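# Reading the structure
So you can see what is in the structure, the chains are spelled out below.
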Amino acid sequence: MNLRAVKCLRQMVMAVFFASFLVSCKANKISSEKSKTLNEVDIYVAGYEYNDSKFESSIEEIADEVGMKHVVKLWKNGKSIDLEGKEYYSDANSVFVHKNDVYVGGSIRPDEEYVAIIWKNGKMQKLTDGIKTAFIQSLFAEDDTIYFLGQQFNDPNYIIKVWKNGTITNITDGKKWEDGNSFFVDKGNVYICGHEKKGNKSVAKVWKNGIPQDLTNGHNNAYALSLYVENGNVYVVGYEIENDRYIAKLWKNGKVQNLSDGVNNSYASSVFVQKGNVYVAGNENVNEKSILKLWINGKAQNITDGTYSADANAIFVHNSTIYIAGYENNSLDRNVAKLWINGVAKDLTDGTKNGYAESLFIVEKK
C-alpha cells in the first residue's frame, strides 16, 4: 500500500485581524515586535521538502514515477536542523518539545512500505518493522508520559494506534475505514479526532480513551482534522460537505458551529485554545485560489491576499502572538514552506523546490 497515495488523497479531500493592524503600523514597529517575539521563544517547525526542483507543484501526484522524493525537515527559528535518515523518502507530520527533548514524528520509506518513525533530538527510532506501511501522525507529552498517534495498514484498512511510553494500544480494529488525524491528552485521557467510513459517507468522530463518538449524522461527508482540550472542554475542527460545498466547522463538546457560510469552499485545519479564546487556522477557495484564513472566536480574517494559493496546517498561540505553519505557492509554481507570525510571513524554504510546513511548537527560552 503506497502511503504517499493515501496522503495525497487525504490532502485532496481536505484540499484580517492582522491585515488592518499591520497596515496601520510602521515597518520599523513590525520589525521590532517580530524581533522581540523571536528573542523570547524558540520556534520549531516540522515538515518536508522535495529533492528536485524540476517539477512544479501540480506534478507531485506522479513524483514517484519521475524519481522525485521528499525529505523530512525540521526548522528551529527558521534554520534547518539535520535529522537522521535523509537518504530515505521521508516526511514529518508533527513536532513536540518536552523537557528539552525535541520529538518529530513521521515516516521513512526504506523499501516498498513506510516505517513509522520518531526522531528524538535528531536521532531516528523505528516504531514498526516495515512489513506493513505505518506512520506517526501526531505527538503529545503530559508529565513524564510520551504519546504517539499513528496508523498501520492492515489490509484493506488502517488501524489507529497510540504508543504510550512505547506500549502500543490499538484504538480501532481495522475492520472499517477509520482515520485518526490529531489527538490531545488531558489528565491522562486520550482524545483522538478523525473520521469513519459508514456506507458511502464519512462521519466526523472523536475517540475518548478508545470510545467513539460521532460528531455528524452521516447525511454528508464530514472530517475532523484537529482538536484541543481546555478545562475539560473538547474543541474539534474540520469540515462537512453540504450541497457540494465545503463548510469549515468547529465542534465544542459535540455542538457544531459553522465557521464559513458556504459561498466558497472552506476548511478548518487546526485549532488552539487559550483562556477560552478559540483560534482556528484553515483556508477558503476564492477565484480558484486558496486563501489562508484565521478565525478568532468565530470571526474570520484573511492572512494571505489570494495572489498565490496558501494553506494552513498548524496553529499555535503563545501569549498574544499567533503562529501559523503551512505553505504558499510562488511565481515558479513551487510551494514554499512558511511560518506566519501575527500575519507576517517567513519563508522556511527557498522556493526552488516544493516544501511544506506541517506542524509547529513554541517553547519559551530559559
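Bear in mind that the values here come from a model prediction, so they are computed numbers and not experimental data.

So, on to the overall build of the protein. Secondary structure summary: the protein contains 3 helices and 28 strands in total. Within the span of the protein, comprising 366 residues, buried residues form 56% of the whole.

A separate point is the sheet that holds strand S11 (residues 167–170). Spatially, the 4 strands line up as an open sheet ordered S8-S9-S10-S11, and their pairing is antiparallel. Strands with a single pairing partner mark the edges of an open sheet, and in this sheet they are strand S8 (134–142) and S11. The sheet shows a mean angle of 25° between the axes of neighbouring strands, taken without regard to direction. With 8 bridges joining them, strand S9 (residues 145–154) and strand S10 (residues 157–164) adopt antiparallel strand pairing. Along S10, the bridge assignment pairs Gly-150 with Lys-161.

Let us look at the nonpolar core. One finds Val-45, Ile-192, Val-236, Ile-324 and Leu-360 to be the most contacted residues of the largest nonpolar core, which totals 91 residues. The element contributing the most residues to this core is strand S24 (residues 310–318), with 6 residues. Dropping the residues within four chain positions of it, Leu-360 is found in contact with Tyr-44, Val-45, Val-95, Ala-314, Ile-315, Phe-316, Tyr-323, Ala-325 and Leu-339. The next biggest cluster of nonpolar side chains, apart from the first, holds 7 residues, and it includes Tyr-48, Tyr-50, Tyr-89 and Tyr-114.

Should pLDDT be low for a region, the predicted coordinates there are not to be read in detail. Here the protein averages 89 in pLDDT, and 87% of its residues register 70 or above. Scored below 50 in pLDDT, residues 1–36 shows 62 contacts in the model against residues more than four places distant or in partner chains.

This next bit is on the pairing of strand S14 (residues 201–208). Burial analysis of S14 places 6 of its 8 residues in the buried class, which makes it a mostly covered element. Inspection of the sheet shows strand S13 (residues 189–198) paired to S14 by 8 bridges, in the antiparallel sense. Looking across to S14, one finds that Tyr-191 is bridged to Lys-208. Remark: 2 residues form the turn of the hairpin made by S13 and S14, two consecutive strands paired antiparallel; Gly-199 in that turn has positive phi of roughly 65°. Strand direction decides the pairing type here: S14 and strand S15 (residues 211–214), joined by 4 bridges, are antiparallel. Counterpart to Lys-208 in the pairing with S15 is Ile-211. In this antiparallel pair of consecutive strands, S14 and S15, the connection spans 2 residues, and Asn-209 shows a positive phi of 50°.

Going through the model one piece at a time under the given rule, you end up with 14 salt bridges. For Lys-99, the salt bridge identified is with Asp-144, shortest N-O distance 2.2 Å. Residue Lys-99 is found in the loop between strand S4 (89–98) and strand S5 (101–109), and its partner Asp-144 is found in the loop between S8 and S9; the two are separated by 45 residues along the sequence. Here Glu-284 and Lys-293 are joined by a salt bridge, their closest N and O atoms 3.1 Å apart. Note on Glu-284: relative accessible area 16%, which makes it buried. One connected set of salt bridges, linked through shared partners, spans Lys-176, Glu-196, Lys-198, Lys-205 and Asp-214.

The subject of this paragraph is the sheet that holds S14. Spatially, S12-S13-S14-S15 is the arrangement adopted by the 4 strands of the open sheet, whose pairing is antiparallel. Of all strands in the sheet, those bounded by a partner on one side alone are strand S12 (178–186) and S15. Neighbouring strand axes in the sheet, compared pairwise and without regard to direction, differ in orientation by 25° on average.

Regular strands show a simple pattern: their side chains alternate between the two faces of the sheet. Within strand S25 (residues 321–329), 9 of the 9 residues are buried, which leaves it mostly tucked inside the rest of the structure. In the sheet, S24 pairs with S25 via 8 bridges, with the strands oriented antiparallel. Within the sheet, the bridge partner assigned to Ile-315 lies in S25 and is Ile-324. Hairpin connection from S24 to S25: 2 residues lie between these consecutive antiparallel strands, with Asn-319 at a positive phi of about 55°. Across 7 bridges, the pairing between S25 and strand S26 (residues 335–341) is antiparallel. Looking at S26, one finds that Ala-325 is bridged to Leu-339. Linking two consecutive strands that pair antiparallel, namely S25 and S26, is a turn of 5 residues; a positive phi of about 60° is found at Asp-333 within it.

Conventions and cut-offs
Residues numbered from 1 in each chain as written. Predicted model: local features only at pLDDT ≥ 70, side-chain atom pairs only at ≥ 80, totals over all residues. Heavy atoms only, no water. Helix = DSSP H or I, 4+ residues; strand = E, 2+ residues; numbered from the N terminus. Buried < 20%, exposed > 50% of the residue type's maximum accessible area, 1.4 Å probe, protein only. Pairing = 2+ DSSP bridges. Axes fitted to C-alpha atoms, helices over the stretch in contact; angles between N-to-C directions. Core = buried A, V, L, I, M, F, W, Y, C linked by side-chain atoms within 4.5 Å. Contact = heavy atoms within 4.5 Å. pLDDT = per-residue confidence, 0-100. Salt bridge = Lys/Arg side-chain N within 4 Å of Asp/Glu carboxyl O.

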